[in-house]
Amino acid sequence: MTSAAAGATVGQLITDFGRSTNLLSSSEYQAKAEDQNAAATAAQIILAVDQAFYNVLETKALVAVAQQTVDSRQLLVDKIKALTDAKLKSELDLSFTRVDLARGKLLLLEAHNNYQTSLAALSAILGYSDFQLAEEPAVIAAPALDVLPLIQQALQQRPEVAALQNEVEAAQKFSSAEHDLRRPTVSALGVVGEAPVRDNHIPNWYGAVGVNINIPIFNGFLYNARAKAADLQTEVNRQKLADLRNNIARDVRTSWQDTMRAYERLSVTQQLREQASLAFDLSQARYNLGLGSIVEFSQADLQKTEADMADTDAKYQYRLTQIALAYTISSPK
């Protein structure tokens, strides 16, 4: 008897006892980890921009100090030259002041070169060179007295920690999915079709529904090996997370100590600047009265310049340490 038929078969997984759910959860945690990695990268870029920006501001301020030094020493040279021409001062005094002026000009050249270098670094980070610097006045606040709350804050807020935590969760879910391979799977099977060429006693439509249960028994211990590898990867991620926590705690403590040291330096450099200015004024008065030598006056001038530059540097260095500490604890600056 001749017969012909055509039909379709449809299969549907009913349950794999959690493997698909674990795989989906693993992918979701991986996506969250990538989001946190992107946030960590953005924080690093912002830190680099802030550091470059304040480096530019510092070098610009040092240029102003150096320029002020050159201007004051140029006035002194002109004054001493006039007195020398009038036979009121010696050529030795004029030579000393000219040497100091030359030193000031060298200092200005170096400061200006550092300023241009810092500008180039900022331009490279930003990706363009057409910008204007605007410094907002910042209140100099004392750093926290205890570092432990800062460490706890960093461990809770750093995106790197959140990323690795998500990676650990993803590895755990994937490990569970690999263990689920040893469980059976249950699926439904449906068949429907038509037989246009058939015996007249047979209906032209046919169909059937069934349930398949697949039980893995022998596969050369492949599933056991895959589950073991997934467990080891989970442990690797846990160890990475523990190592990252330790490194972050170390970085926060180091940044906090740098901030404390920079804050203490502020008062020292301020006192140094005040005392150097007082010593300069006294030596200048003594020199004008003929009670002091040009060597004494030149030394006082040099100490004042160094004190001015140290005080300026201390203010910006403290701000830079604040920025670094804010980054390590992942908080607004």
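Quick caveat, the model's predicted, so the values are computed rather than measured.

Engineer: Account for the overall build of the protein, naming residues and giving values.
Structural biologist: Along the protein, the regular secondary structure elements total 6 helices and 3 strands. Secondary structure elements of the protein occur, N-terminal to C-terminal, as β-α-α-α-α-β-β-α-α. Whereas a compact globule of 333 residues would reach a radius of gyration of roughly 20 Å, the protein reaches 38 Å, over 25% beyond that. The principal-axis extents of the C-alpha atoms in the protein amount to approximately 140 × 45 × 35 Å. In the protein, which comprises 333 residues, the proportion classed as buried is 33%. Excluding contacts between residues fewer than 6 apart, the proportion of contacts in the protein whose partners are at least 24 apart in sequence is 83%. Of the roughly 20,100 Å² of accessible surface on the protein, a fraction of 57% belongs to carbon and sulfur atoms.

Engineer: An account of the layout of surface pockets is needed here, citing residue identities and associated values.
Structural biologist: One number sums up the size of the largest pocket: a volume of about 400 Å³. If you trace the largest pocket, you find 15 residues lining it, with Tyr54, Glu135, Glu136, Ala138 and Arg319 closest to the centre. Those elements that provide at least two residues to the lining of the largest pocket are α1 (19-85) and α6 (294-329). Broken down by element, the lining of the largest pocket gets its largest block of residues, 5 residues, from α6. Its residues placed into classes, the lining of the largest pocket shows 9 nonpolar, 1 polar and 5 charged.

Engineer: How would you explain the packing of α1 against helix α2 (residues 91-126) if you had to name every residue and give the values?
Structural biologist: Between α1 and α2, the shortest axis-to-axis distance is 8 Å and the interhelical angle comes to 160 degrees. Regarding the angle of α1 to α2, the classification is roughly antiparallel. Every pair of crossing elements has a handedness; the one defined by α1 and α2 is left-handed. Across the contact of α1 with α2, the residue classes break down as 22 nonpolar, 10 polar and 9 charged.

Engineer: Give me the nonpolar core: which residues, what numbers.
Structural biologist: Residues Tyr54 and Phe297 are the most contacted members of the largest nonpolar core, which totals 28 residues. Counting residues per element, the ones that place at least two in this core are α1, α2, α5 (222-288) and α6. Broken down by element, this core gets its largest block of residues, 13 residues, from α1. Excluding residues within four positions of it along the chain, Tyr54 makes contact with Tyr316, Arg319, Leu320 and Ile323.

Engineer: Would you mind going over the side chain of Ser118 in detail, with residue names and values included?
Structural biologist: Mapped onto the secondary structure, Ser118 falls in helix α2. Given a relative accessible area of 9%, Ser118 falls into the buried group. Here the side chain of Ser118 touches Thr59 through a polar contact of 2.9 Å, side chain to side chain. With sequence-adjacent residues up to four places away left out, Ser118 is seen in contact with Asn55, Val56 and Thr59.

Engineer: Tell me what's going on with the environment of Tyr223, and back it up with residues and numbers.
Structural biologist: Within the secondary structure layout, Tyr223 lies in helix α5. Once the C-alpha coordinates of Tyr223 and Leu126 are considered, the two residues, 97 residues apart in sequence, prove to be 51 Å apart. Contacts of Tyr223, omitting those with residues within four sequence positions, involve Glu178, Leu181, Arg182 and Pro216.

Engineer: Describe empty space enclosed by the protein, with residues and values.
Structural biologist: Take a probe with the size of a water molecule and roll it over the atoms, and the empty space left behind shows itself. Per the stated rule, a full pass over the model turns up 1 cavity of 30 Å³ or more. Estimated volume of the largest cavity: approximately 30 Å³. Lining the largest cavity are Arg73, Asp100, Arg103, Ser298 and Leu302. Its residues assigned to classes, the lining of the largest cavity shows 1 nonpolar, 1 polar and 3 charged.

Engineer: If you had to explain the environment of Pro216 to someone new, which residues and values would you point to?
Structural biologist: Relative to the helices and strands, Pro216 resides in the loop between β3 (205-214) and α5. Of the residues examined, Pro216 reaches a relative accessible area of 28% and is grouped as partly exposed. Between the C-alpha atom of Pro216 and that of Arg183, which follows or precedes it by 33 residues, the distance is 7.1 Å. Excluding anything up to four places from it in sequence, Pro216 contacts Leu181, Arg182, Arg183, Pro184 and Tyr223.

Rules used in this analysis
Residues numbered from 1 in each chain as written. Predicted model: local features only at pLDDT ≥ 70, side-chain atom pairs only at ≥ 80, totals over all residues. Heavy atoms only, no water. Helix = DSSP H or I, 4+ residues; strand = E, 2+ residues; numbered from the N terminus. Rg over C-alpha atoms; globule rule 2.2 N^0.38 Å. Buried < 20%, exposed > 50% of the residue type's maximum accessible area, 1.4 Å probe, protein only. Contact = heavy atoms within 4.5 Å. Areas by Shrake-Rupley, 256 points an atom, 1.4 Å probe, with all protein chains shown as cover. 1 Å grid on protein atoms, 1.4 Å probe; cavity = no way out; pocket = protein on both sides within 12 Å on 5 of 7 lines; lining within 4 Å. Points joined across faces, edges and corners; volume = space filled by probe spheres on them. Nonpolar A, V, L, I, M, F, W, Y, C, P; charged D, E, K, R; others polar. Axes fitted to C-alpha atoms, helices over the stretch in contact; angles between N-to-C directions. Parallel < 35°, antiparallel > 145°, perpendicular 65-115°, else oblique. Left-handed = near helix turned anticlockwise from the far one by under 90°. Core = buried A, V, L, I, M, F, W, Y, C linked by side-chain atoms within 4.5 Å. Polar contact = N/O pair within 3.5 Å; in protein donor to acceptor, adjacent residues only side chain to side chain.

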